[in-house]
Amino acid sequence: LIAFLLYLFYLVAPIGQLVTGAVQLQQGLAALKRIKEIEELPAEPVGTAVRASAEPVGLTFENVAFRYGDDRPVVHDGVSFAVPPGGLTALVGPSGAGKSTVFALIERFYEHQGGTITIGDRDIRDWPLTELRAVLGYVEQDAPVLAGTLRENLLFAARDATEDDLRDALARTRLDDLVARLPEGLETPVGHRGLLLSGGERQRVAIARALLRKARLLLLDEATSQLDAVNELRLREVIAEAAKETTVLVIAHRLSTVTGADRIVVMDRGRVRAVGTHDELVGEDDLYRELAATQFLVG
Ligand code: ATP
């Protein structure tokens, strides 16, 4: 019986190997097919701009339509608004209104399915990605700080910036106090193993980096986390200061940071429902007045 079982084992084992081999072959062929598909994608034109020029650029959304997938709900249902070059524009609205998606479409993390988005009179679909992103500065809610010194963090995308540029950016972003407090000033390591900066400070480092890089349109997703009164005031000043140099579009979770904005775009359920200054909107738009009231900005 043992001899028979051994015989059976030797008979069956190679069949198992054959099956495994066939599966591996199939997986290999699928991978090859995918590589071929990727190779056949149209080539991304190579950008020429290494460092963008400093002129602020405007932005327009014209009847933009977007959903994250065919089986997903519509997120943008004909979004239209215009941001002239320079100055401060704020996007506000309830959670889920589609504000972050505006940034994702500008950055072309996703492609919009209808309408037109232009930056400086040029359809963003016509920009090579490298050039488009050289023009944009993107400050995330939880702006990352890289391993390395504060100086490296500020200059890694603007190697040709001078010491004067650096001093100017530090002053504009109110980071000069921080530099004075750090044990080795600008040479202090601030990365994940170094000193931990607060969320507000990290956002200001990211804004300084964008200013040094001469971003022509700064997208700032304001941190939702609570800031103390001093840090909130500082952020408001820094946003206003950045808007003197470039075009700033900020997603504002605290209206207090943008009551002085040149224009506020109120979004709700995938559409723009009103555009105006704080005073105009308090007078004209129910939703804005309600948002302002919940944040104790109107009586
Ligand atoms: P919040 O103020 O809460 O950040 P928001 O106004 O920025 O909201 P979006 O983040 O743009 O709104 O989201 C709009 C809608 O799109 C929401 O219903 C959201 O669930 C959905 N959504 C956002 N990102 C994705 C994604 N990556 N994949 C699928 N759906 C998404």
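Residues numbered from 1 in each chain as written. Predicted model: local features only at pLDDT ≥ 70, side-chain atom pairs only at ≥ 80, totals over all residues.

Per an unreviewed UniProt entry, the protein chain goes by the name ABC transporter ATP-binding protein and belongs to Nonomuraea terrae. In UniProt, the protein chain has this text filed under Subcellular location (unreviewed entry): "Cell inner membrane". (UniProt positions renumbered as here; feature names shortened; annotations may be inferred.)

Visitor: Describe the overall build of the protein chain, with residues and values.
Guide: Counting its regular elements, the protein chain contains ten helices and ten strands. Per-residue burial for the protein chain yields a buried fraction of 33% across its 299 residues. Across the protein chain, contacts joining residues at least 24 apart in sequence account for 73% of those joining residues at least 6 apart. (Helix = DSSP H or I, 4+ residues; strand = E, 2+ residues; numbered from the N terminus. Buried ≥ 20, exposed ≤ 12 C-beta atoms within 10 Å, placed from the backbone. Contact = placed C-beta atoms within 7 Å.)

Visitor: Residue-level account of the site of the ligand, with values.
Guide: Every residue near the ligand is listed here: Y68, R72, V75, G93, S95, G96, A97, G98, K99, S100 and T101. In terms of residue count, the dominant contributor to the shell around the ligand is helix α2 (residues 99-106) (three residues). By residue class, the composition of the shell around the ligand is three nonpolar, six polar and two charged. (Near = placed C-beta within 6 Å. Nonpolar A, V, L, I, M, F, W, Y, C, P; charged D, E, K, R; others polar.)

Visitor: Any chance you could break down the pairing of strand β7 (residues 217-221) for me, citing the residues and the numbers?
Guide: Two faces belong to every sheet, and in a regular strand the side chains alternate between them. β7 sits mainly inside the fold: five of its five residues count as buried. Both faces of β7 are covered, namely the face carrying L217, L219 and D221 and the face carrying L218 and L220. Bridge analysis of strand β6 (residues 136-139) against β7 gives four bridges, and the strand direction is parallel. Within the sheet, the bridge partner assigned to L136 lies in β7 and is L217. Of the pairings in the sheet, the one linking β7 to strand β8 (residues 247-251) comprises five bridges and is parallel in character. Pairing of L218 across the sheet is with V248, part of β8. (Pairing = 2+ DSSP bridges.)

Visitor: Which residues make up the environment of G115, and what values go with them?
Guide: The topology assignment puts G115 in strand β4 (residues 114-119). C-alpha of G115 to C-alpha of D228: the two residues are 113 residues apart in sequence and 41 Å apart in space. With residues near it in sequence (within four places) discarded, G115 still touches E62, N63, V64 and A65.

Visitor: I'd love a proper account of the nonpolar core, names of residues and values included.
Guide: The biggest cluster of nonpolar side chains holds 70 residues, and the ones touching the most others in it are A90, L217 and V250. Contacts of V250, omitting those with residues within four sequence positions, involve L88, A90, L220, E222, I239 and V258. (Core = buried A, V, L, I, M, F, W, Y, C linked by C-beta atoms within 7 Å.)

Visitor: Talk me through the packing of helix α7 (residues 199-212) against helix α8 (residues 229-245); I want residue IDs and the actual numbers.
Guide: In the contact formed by α7 and α8, the axes pass within 11 Å of each other and the chain directions differ by 10°. With respect to α8, the element α7 is oriented roughly parallel. For the pair α7 and α8, contact is made by G200, R204, I207 and L211 and by N231, L235, V238, A242 and E245, respectively. For the contact of α7 with α8, the class distribution of residues is five nonpolar, two polar and two charged. (Axes fitted to C-alpha atoms, helices over the stretch in contact; angles between N-to-C directions. Parallel < 35°, antiparallel > 145°, perpendicular 65-115°, else oblique.)

Visitor: Let's hear about the packing of helix α5 (residues 163-172) against α7: which residues, and what values?
Guide: Pairs of packed helices are described in terms of their axes, by the angle between the two and the distance that separates them. Between α5 and α7, whose axes approach to 9 Å, the crossing angle comes to 140°. Relative to α7, the element α5 lies oblique. As for how α5 packs across α7, the hand of that crossing is right-handed. The segment α5 lies against α7, with D165, L166, A169, L170 and R172 engaging A208, L211 and L212. A per-class count over the contact of α5 with α7 returns six nonpolar, no polar and two charged. (Left-handed = near helix turned anticlockwise from the far one by under 90°.)

Visitor: Just give me the short version of the sheet that holds strand β2 (residues 74-83), but keep the residues and values in it.
Guide: Taken in spatial order, the four strands make up an open sheet running β2-β1-β4-β5, and their pairing is antiparallel. Because the sheet does not close on itself, it has two edges, and the strands there are β2 and β5 (122-123). Note: β4 against β5, two bridges, orientation antiparallel. Bridge pairing in β5 links T118 to D123. The sheet strands contacting α2 are β1 (59-67), β2 and β4, and the helix crosses β1 at an angle near 105°.

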